[in-house]
Amino acid sequence: MYSMTGYGRGEYKSGGLELTVEIKTVNNRYLDVSVKSPRIFTAHEETVRSIVREYLTRGHADIYISYSDKRERQKNLYLDEETAKSYVLAGKRLKELFPDIIDDTSVSNVLRYPEVLKAEDCAVADDEILTALKTALKIALENLNAMRETEGKKLEKDMLSRMKTINSLVGDVEKRAPLVAENYRQKLTQKMAKLLEGVEIDEGRLLTETAVFADKSNIDEELTRLHSHISQFKEICLEKLVGRKLDFLVQEFNRETNTICSKSNDLEITRLGLALKNEIEKVREQVQNVE
C-alpha cells in the first residue's frame, strides 16, 4: 500500500555536469504531473511524464529540475545578422551626418559589438544531459516510493485498527437487533392497554402488527453485507494499489449503515449506527490519501 503523499530527491554528478530532480506528491483523484524546469528541458517534459507514469498511478506530483553544466566542450557561435546590419547601417548614417569622422569600421570591430555574436550554449540538451535527467529522475522516484510505502504502512495500520472498531460496533448492533421487535410489542401492548382500558386486547392483531414491524425493521441483510465488506477491506489491504477499490468499498459501508439507521426504529441501534458512521468517515479520510 502506498500513500499519495511523499518526497523524493535524485542527483547525477559526472564530468562537470550536475543535475538534481526533486519530487513532491500530494493526494489527487487522478495522476497530475507538473514539471518545473529550465527551458533546455521543455521539449522533454513528455519523457519525464512517461517515466513518472511507470512509478505513480494517482496523485498530484510537482517535479523540480535544476542543473549545472561545467563540462569543457566546444561552444558553437552564431551571428545575429539583423543586429550586425543595424550597427553597420547606423555607422553609415553617422558618417553621412558627420563626414569628417574617421570611419574605422571593420569586420573585427562589428563582431565585438554587443549581441552580434551569441553562444549556442543552452540551445538543446545533448545525450549526456538526457541520460543525467533520466537517471536522477528514476532515483528520485525510487526514493519517493520508499517514503510513500512507509507512510502507506502507517495508514494501513490505522485503517485496520478502525476496522476492528467497526467490526465490534456491528457485533453490538447484531446483539441489539433481535430485541427491537420484542420491545416494540411490549410498548404497543402497553399503549393499547392504556387506550382500551377495560377492553380485552386482540392478541392476534397484536402479533400481526409486531410481525409487520419486525419485517420492516429487519437489518439482517445489511449486517451480513457489512461483515462481508470488513473481510474484503482486509483482503484488499494486502495489495499494492488499493485506493480506488477502498474508496468504492467505503461508500458501500456508508450505504449499509445509513439503511440500518433508517430501518432500525430503535434508539440504541441509531446510536450505534452513528458511531459506525463516525468510524467509517475516519477510514474514508485515510483512504483519500492512499494510491
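Structure's up top.
Report follows, based on the coordinates. (Residues numbered from 1 in each chain as written. Predicted model: local features only at pLDDT ≥ 70, side-chain atom pairs only at ≥ 80, totals over all residues. Heavy atoms only, no water.)

## What about the pattern of salt bridges?
Two side chains of opposite charge can pair, provided their charged atoms sit close to one another. Note the threshold: A side-chain nitrogen of Lys or Arg and a carboxyl oxygen of Asp or Glu constitute a salt bridge if their distance falls within 4 Å. Where helices and strands are cited, they refer to DSSP runs of H or I of at least four residues and of E of at least two residues respectively, numbered from the N terminus. Each residue is placed in one exposure class: buried if its accessible area under a 1.4 Å probe, protein chains only, is under 20% of its type's maximum, exposed if it is over 50%, and partly exposed if it falls in between.
Applying the stated rule across the entire model yields 19 salt bridges. Ionic pairing is found between E149 and K240, a salt bridge with its closest N-O pair at 2.9 Å. On the criterion of sequence distance, the pair formed by E149 in helix 4 (residues 127–195) and K240 in the loop between helix 6 (220–236) and helix 7 (243–264) is long-range, its members being 91 residues apart. We classify E149 as partly exposed; its relative accessible area is 25%. Across the pair E279 and K282 runs a salt bridge whose closest N-O atoms are separated by 3.9 Å.

## So, the packing of aromatic side chains
Rules: Paired rings are identified among Phe, Tyr and Trp, the last through its six-membered ring, by centres lying within 6.5 Å, and are further divided according to the angle between planes into stacked (under 30 degrees), edge-to-face (over 60) and tilted (the rest).
For the structure on display, the rule yields 3 aromatic pairs. Their ring planes at 80° and their centres at 6.4 Å tell us that F233 and F253 sit as a pair that is edge-to-face. Taken together, the residues span a long stretch of sequence, with F233 in helix 6 and F253 in helix 7 at a distance of 20 residues. The residues F233 and F253 share a single accessibility class, namely buried.

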